[in-house]
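Listed here are the chains, written in short residue letters.
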Amino acid sequence: MDSVLAAATSPEGQTEKPVVVVCVGMAGSGKTTFMQRINAHLHGKKEPPYVINLDPAVTHSPFASNIDIRDSVNYKKVMEEYNLGPNGAIMTSLNLFTTKVDQVLGLLEKRAAPDPEHPTRKPVKHILVDTPGQIEVFVWSASGSILLDSLASSFPTIIAYVVDTPRTSSTSTFMSNMLYACSILYKTRLPMIVVFNKTDAKDASFAKEWMTDWEAFQAALNNDENNNSFGGQEGEGSGSGYMGSLLNSMSLMLEEFYNHLSVVSVSSLHGTGIDDFFEAVKEKAEEFKRDYQPELDRRRAEREENKKKQREKELEKMMKGMSMDTTASTSAVGNIKPEDEDMEVLSTDEESEDELDDEQDKEGLQARYEAAMLHQDESTTEDASFVKYLHSQRG
Ligand SMILES: Nc1nc2c(ncn2[C@@H]2O[C@H](COP(=O)(O)OP(=O)(O)OP(=O)(O)O)[C@@H](O)[C@H]2O)c(=O)[nH]1
């Protein structure tokens with residue numbers, strides 16, 4: 001266990017990046033209690049983690065967070081201002097918070113490296129992230145994906161999927177939980193640890209057996225069918241029968257998925273199994289670097305390449321648009337039908353006629369002006385003789 005915490009520097013002497021542990025799980029599975037437990041565990045080892053709370057709706061958190069979504073987004077105000085229900089407000093709060101993801105990463109990078117201003121402050125080795133109780137709001141939202149992608153692009157990131165063990169003791173709830181975990185694994189493409197929590201209340205050995213022994217699961221399935229655990233009409237022990245065959249098929253399908261998982265049993269309440277959890281974290285962090293990092297880098301390069309292509313395409317489109325504008329008159333002429341050409345010729349003739357008219361007008365104007373001047377001279381003379389005549393009459 002200590003080796004997990006002692007792995008501060010790589011063999012090359014470089015500071016190792018901290019591992020991000022993102023806790024997800026169904027409502028009430030014990031995520032917050034589990035976070036509190038692993039947080040206390042690391043504090044006990046004098047390796048305090050960096051804690052992020054992404055649940056905007058939580059009213060009371062039993063641990064202090066270094067970054068808390070509630071400090072930057074007011075969930076109640078979001079509800080009022082956007083006229084949203086509880087889940088819509090959580091989603092919107094996460095979206096608003098995601099706009100600050102660069103700042104979050106900046107803070108994390110700072111705490112992940114030695115700080116020359118505080119030489120005694122050790123870089124953190126673990127970043128713990130608590131997520132909203134409404135699992136789908138985080139896992140299936142764009143902001144959840146952006147946050148996870150951003151974290152995974154900077155640090156080894158793993159998912160801790162917390163399961164309420166006593167509530168998964170029937171084959172149907174177990175299968176629902178596993179399907180959810182499977183969809184999260186394939187969606188995020190991040191290493192996953194399934195944490196069977198609350199094992200003080202029910203031991204998780206049954207679940208581990210179901211994940212490794214298909215026949216054991218079949219036996220449990222038959223048992224549940226015979227006990228009418230899947231509902232159906234009274235007296236018809238196996239319900240509709242569909243549920244049993246569905247679970248049967250799913251258990252076959254999930255075999256491949258189980259191979260990708262680490263499984264641990266813990267009791268967040270009593271603190272058992274936490275060492276095993278950190279051992280699994282160490283393993284999965286190595287797996288992240290070995291298997292996931294190259295795939296993530298490949299996907300990122302592919303995304304960049306696609307973006308570049310898209311930009312080039314848009315640029316090309318724009319250039320085409322511009323050249324259409326500049327050649328618009330010539331191309332328009334090129335496309336003109338013969339009758340239009342006549343029009344063009346006509347308009348050229350009209351133009352020259354206009355010029356001619358202008359010229360004639362100019363000459364005409366000059367002539368009219370000269371005539372007017374002459375006329376004015378004449379009229380002035382006429383006026384003068386008329387005035388002379390009036391004076392002679394008075395005199
Ligand atoms: N017996 C037992 N109870 C536990 C354990 N862990 C959590 N609980 C209880 O389970 C309940 C739910 O725990 P939380 O930690 O609030 O669960 P959560 O998943 O964070 O809940 P939401 O965020 O509301 O979805 C509480 O009553 C806890 O005391 C455990 O290891 N054993």
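Residues numbered from 1 in each chain as written. Predicted model: local features only at pLDDT ≥ 70, side-chain atom pairs only at ≥ 80, totals over all residues. Heavy atoms only, no water.

The following threshold applies: UniProt positions are given in the numbering used here, feature names are shortened, and annotations may be inferred rather than shown by experiment.
The chain is annotated in an unreviewed UniProt entry as GPN-loop GTPase from Parathielavia appendiculata. What UniProt states about the chain under its Function (unreviewed entry) heading is, verbatim, "Small GTPase required for proper nuclear import of RNA polymerase II (RNAPII). May act at an RNAP assembly step prior to nuclear import." For the record of the chain, the UniProt heading Sequence similarities (unreviewed entry) holds the text "Belongs to the GPN-loop GTPase family."

**Digging into the sheet that holds strand β2 (residues 50-53)**
Applied cut-off: Two strands qualify as a pair provided that DSSP identifies no fewer than 2 bridges between them. Strands here are runs of E lasting at least two residues and helices are runs of H or I lasting at least four, both read from the DSSP assignment and numbered beginning at the N terminus. Contact definition: two residues touch when any of their heavy atoms are within 4.5 Å. The axes are straight lines fitted to the C-alpha atoms, using for helices just the contacting stretch, and the angles between their N-to-C directions are given from 0 to 180°.
An order of β3-β2-β4-β1-β5-β6-β7 is seen for the seven strands of this open sheet, with the pairing classed as parallel. A strand with exactly one partner marks an edge of an open sheet, and here the two such strands are β3 (67-68) and β7 (261-265). Lying on the sheet, helix α2 (residues 31-44) is in contact with β1 (19-25), β2, β4 (126-130), β5 (157-164) and β6 (192-197); it crosses β4 at an angle near 160°.

**A closer look at the packing of helix α9 (residues 171-188) against helix α12 (residues 242-253)**
To keep things clear, this is the line we draw: Throughout, the term roughly parallel applies to angles under 35 degrees, roughly antiparallel to angles over 145, roughly perpendicular to angles from 65 to 115, and oblique to all others. A crossing counts as left-handed when the near helix is turned anticlockwise from the far one by less than a right angle, and as right-handed when that turn is clockwise.
Contact pair α9 / α12: the axes reach a minimum separation of 11 Å and the direction vectors enclose 40°. For the element pair α9 / α12, the angle class is oblique. α9 and α12 meet at a crossing whose hand is left-handed. Contacts between α9 and α12 involve Thr171, Ser172, Met175 and Leu179 on the former and, on the latter, Met243, Leu247, Met250, Ser251 and Met253.

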